[in-house]
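Tertiary structure, described
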Amino acid sequence: GAGVSQSPSNKVTEKGKDVELRCDPISGHTALYWYRQSLGQGLEFLIYFQGNSAPDKSGLPSDRFSAERTGGSVSTLTIQRTQQEDSAVYLCASSLGSGVSYEQYFGPGTRLTVT
Amino acid sequence: AQKVTQAQTEISVVEKEDVTLDCVYETRDTTYYLFWYKQPPSGELVFLIRRNSFDEQNEISGRYSWNFQKSTSSFNFTITASQVVDSAVYFCALNPRAAGNKLTFGGGTRVLVKP
């Protein structure tokens, strides 16, 4: 079946603008995750959804970052007033369940460049 | 707090050589899962293996094998008879039960297999 898809694949934006990144999880996967991959920080967790609720938002770096998930499916990560340090690849993952044993399947990522 | 250390940042081998990637983890949780992911040049993280903290059996899958040793908190990965297609960045990750559903990744090891 189809894997996790993300859009856009690349996004270039000017400092101070808002951006929205979209994730479509694997059909039937109830858990959805956002991670960020940057040169300086490696792969870091941002937020996790179980259904439409987010039990763990501990990785969001500032209040400029927010995310929502609707219909237990698509998720949008929004970054307001982008800064250059937000430049990174934003990865979305989904898993069949929300236990620690479930493997997470990753999408191809959105490369965000803030100029 | 939990931590994953991949001490080797880059390994270069000639095709058909074996290569072993080290992974050392830290967690206070007694129940946890360990994962290995592969990130080829295309960028998408590909799940390779999951291992729980109560199962120290080594595992072999084709040319891949994993050695889990709780006594040394290590979960090493060996590629036997490497091929050019094995060239990628490999990440070890930890998910302790107490941490919820967020993966803690190591810094990754870049493997370059030369023909």
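Structure: above.
The paragraphs below set out a description of the structure included in this document. (Residues numbered from 1 in each chain as written. Chains lettered and ligands numbered in written order. Predicted model: local features only at pLDDT ≥ 70, side-chain atom pairs only at ≥ 80, totals over all residues. Heavy atoms only, no water.)

**A closer look at the pairing of strand E4 (residues 31-38) of chain A**
All names here are of chain A. Filter applied, for reference: For every residue, the accessible area (1.4 Å probe, protein chains only) is compared with the maximum for its type, and the residue is labelled buried under 20%, exposed over 50%, or partly exposed between those bounds. Under the DSSP-based scheme used, a helix requires at least four consecutive residues in state H or I and a strand at least two consecutive residues in state E, with every element numbered from the N terminus. Strand pairing is assigned whenever DSSP identifies at least 2 bridges connecting the two strands.
Of all 8 residues making up E4, 8 are buried, and the element is well covered by its neighbours. Side chains of E4 alternate between two faces, with Ala31, Tyr33, Tyr35 and Gln37 and Leu32, Trp34, Arg36 and Ser38 buried alike. Where E4 meets strand E5 (residues 42-50), 8 bridges bridge the pair, whose relative direction is antiparallel. Bridge assignment links Leu32 to a residue of E5, and that residue is Phe49.

**Observations regarding the interface of chain B and chain A**
Note the cut-off: Two residues qualify as a contact provided that any one of their heavy atoms is within 4.5 Å of a heavy atom in the partner residue. Buried area: the accessible area, evaluated with a 1.4 Å probe, that two parts lose upon being put together, summed over both parts. Note on definitions: salt bridges are taken to be side-chain nitrogens of Lys or Arg within 4 Å of carboxyl oxygens of Asp or Glu. Pairs of N or O atoms are called polar contacts if they sit within 3.5 Å, as long as, within protein, a hydrogen donor faces a hydrogen acceptor (for residues adjacent in sequence, only side-chain-to-side-chain pairs). Amino acid classes used here: Ala, Val, Leu, Ile, Met, Phe, Trp, Tyr, Cys and Pro are nonpolar; Asp, Glu, Lys and Arg are charged; the rest, including Gly, are polar.
Listed by partner, the interface residues are 19 residues for chain B and 20 residues for chain A. In this assembly, chain B packs against chain A so that about 1,700 Å² is buried in total across both faces, 55% of it on carbon and sulfur atoms. Run the count over chain B and chain A and you get 2 salt bridges. Residues Lys102(B) and Asp56(A) are paired through a salt bridge, measuring 3.5 Å at the closest nitrogen-oxygen approach. Summed over the shared surface of chain B and chain A, the result is 6 residue pairs in polar contact (both at pLDDT 80 or more). Going through the elements one at a time, strand E5 (32-39), strand E6 (46-52) and strand E10 (88-96) of chain B are the ones with two or more residues in the side of chain B that touches chain A. With 4 residues, the top contributor of residues to the side of chain B that touches chain A is E5(B). Here the residues of the side of chain B that touches chain A are counted per class, giving 10 nonpolar, 5 polar and 4 charged.

**A few points about the state of the cysteines**
All names here are of chain A. In plain terms, the rule: Throughout, a disulfide means two cysteine sulfur atoms within 2.5 Å of one another.
Scanning all chains against the criterion turns up 2 disulfides over all chains. With a sulfur-sulfur separation of 1.8 Å, Cys23 is cross-linked through a disulfide to Cys92. Taking the torsion about the S-S bond as the criterion, the Cys23 to Cys92 disulfide, at about -65°, is left-handed. One end of the pair, Cys23, is in strand E3 (residues 19-24); the other, Cys92, is in strand E9 (residues 88-95), and 69 residues separate them in sequence. Classification of Cys92 as buried rests on a relative accessible area of 0%.

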